[in-house]
Structure formats: structure tokens, C-alpha cells
Amino acid sequence: MDNYPLLNIFWTMLELFLWILWFFLLFKIITDIFRSEDLGGWGKAGWLILVILLPFLGVLVYVIARGRSMGERDVAQAQKSEAAFKAYVRDAAADTPGAGGAGGGGRSHVDDLAKLADLKASGAISEEEYQKAKEKLLV
């Protein structure tokens with residue numbers, strides 16, 4: 001290690017970092033080629049051949065030609081994933097056991113408890129009936 005100067009260590013680290021960055025970019029572009037819905041089979045094959053056979057030129061041309069749409073596809077994918085996650089959470093929350101039958105009929109514990117509180121406040125049910133109904137909901 002005494003024969004390897006500090007500047008060469010930094011240079012080697014920079015080269016390693018650039019290679020890692022290059023592979024991330026290459027894989028990002030290859031996945032974008034396959035994800036693109038506006039390209040047909042021949043278009044995808046052409047871009048893939050260009051990116052694989054002439055990697056530096058192919059990646060540079062792809063980023064110049066389709067960089068903007070690549071970003072738009074990333075945003076659309078992120079929005080689709082977020083919407084799917086929200087729908088999953090909404091469905092999982094609606095299907096909690098004890099929420100008024102199978103699937104809850106679109107109602108949740110909060111809705112049922114709010115209705116019970118309104119009934120108790122209006123005097124339609126007593127405190128004892130309210131507590132029994134609340135225990136039944138929460139079990």
C-alpha cells in the first residue's frame with residue numbers, strides 16, 4: 001500500500017463509482033424500453049440492439065431521444081403504485097372483522113360508533129345499551 005499514492009486511490013474510487021453509475025443507467029434504460037407502451041416490438045428490438053451492441057452511443061442517443069418520456073413513464077408508474085397501495089389499504093380497512101358482516105358493507109367501526117354516539121346523544125338508547133353495543137362492535 002505504500003507504493004499506491006492517495007491520488008490514485010481517489011481516481012480508482014471515481015472509476016468504480018462511474019462504472020456502478022453506468023450499470024444503473026444501462027439497466028434503467030433497458031427496463032424503460034420494455035415498459036414503454038408507445039413502442040412496438042420492432043422499436044423495442046431496435047433500441048435494445050443499439051443499447052447492447054453500442055452501449056455508450058446507444059444509451060446517449062436513448063436519453064437524448066426519449067429522456068422526457070422516460071421521466072413521464074416513471075411518474076405514471078409511481079402514481080399507479082401509490083393508487084394501488086391506497087386501494088389495498090382501503091380494502092383491508094373495510095374488511096376488518098366485526099365491522100358489520102362480511103366486508104362490513106362499506107361501513108367501518110368509526111361509522112358504527114358515530115351512529116351509536118348520535119343515538120345516545122339523542123336519547124334513543126340509554127348509557128347501558130350504548131356500552132353493550134360498543135363492546136359488541138369492538139370485539
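Residues numbered from 1 in each chain as written. Predicted model: local features only at pLDDT ≥ 70, side-chain atom pairs only at ≥ 80, totals over all residues. Heavy atoms only, no water.

## Quick notes on the overall build of the chain
Along the chain, the regular secondary structure elements total five helices and zero strands. Ordered by position from the N terminus, the helices and strands of the chain form the series α-α-α-α-α. For the chain, buried positions account for 17% of its 139 residues. Partitioning the intrachain contacts of the chain with sequence separation of at least 6 by distance along the chain shows that 38% fall at a separation of at least 24. Of the accessible surface of the chain, which amounts to about 10,600 Å², a share of 69% is contributed by carbon and sulfur atoms. (Helix = DSSP H or I, 4+ residues; strand = E, 2+ residues; numbered from the N terminus. Buried < 20%, exposed > 50% of the residue type's maximum accessible area, 1.4 Å probe, protein only. Contact = heavy atoms within 4.5 Å. Areas by Shrake-Rupley, 256 points an atom, 1.4 Å probe, with all protein chains shown as cover.)

## Comments concerning the side chain of Arg66
In this structure, Arg66 sits in helix α3 (residues 55-94). Using a relative accessible area of 10% as the deciding quantity, one classes Arg66 as buried. Ignoring any residue separated from it by four or fewer positions in sequence, one finds Arg66 in contact with Ser36, Asp38, Leu39, Trp47 and Arg73.

## As for the side chain of Arg73
The topology assignment puts Arg73 in helix α3. A distance of 2.7 Å separates the side chain of Arg73 from the side chain of Asp32, its partner in a polar contact. Each residue touching Arg73, except ones within four places of it in the same chain, is listed here: Asp32, Arg35, Ser36, Asp38, Tyr62 and Arg66. (Polar contact = N/O pair within 3.5 Å; in protein donor to acceptor, adjacent residues only side chain to side chain.)

## Brief notes about the packing of helix α4 (residues 109-122) against helix α5 (residues 127-138)
Where α4 meets α5, the closest approach of the two axes is 10 Å, and the angle between their N-to-C directions is 175°. In terms of their interaxial angle, α4 and α5 are classed as roughly antiparallel. Judged by residue contacts, His109, Asp112, Leu113, Leu116, Ala117 and Lys120 of α4 engage Glu127, Tyr130, Ala133, Lys134, Leu137 and Leu138 from α5. Along the lines of polarity and charge, the residues of the contact of α4 with α5 split into seven nonpolar, one polar and four charged. (Axes fitted to C-alpha atoms, helices over the stretch in contact; angles between N-to-C directions. Parallel < 35°, antiparallel > 145°, perpendicular 65-115°, else oblique. Nonpolar A, V, L, I, M, F, W, Y, C, P; charged D, E, K, R; others polar.)

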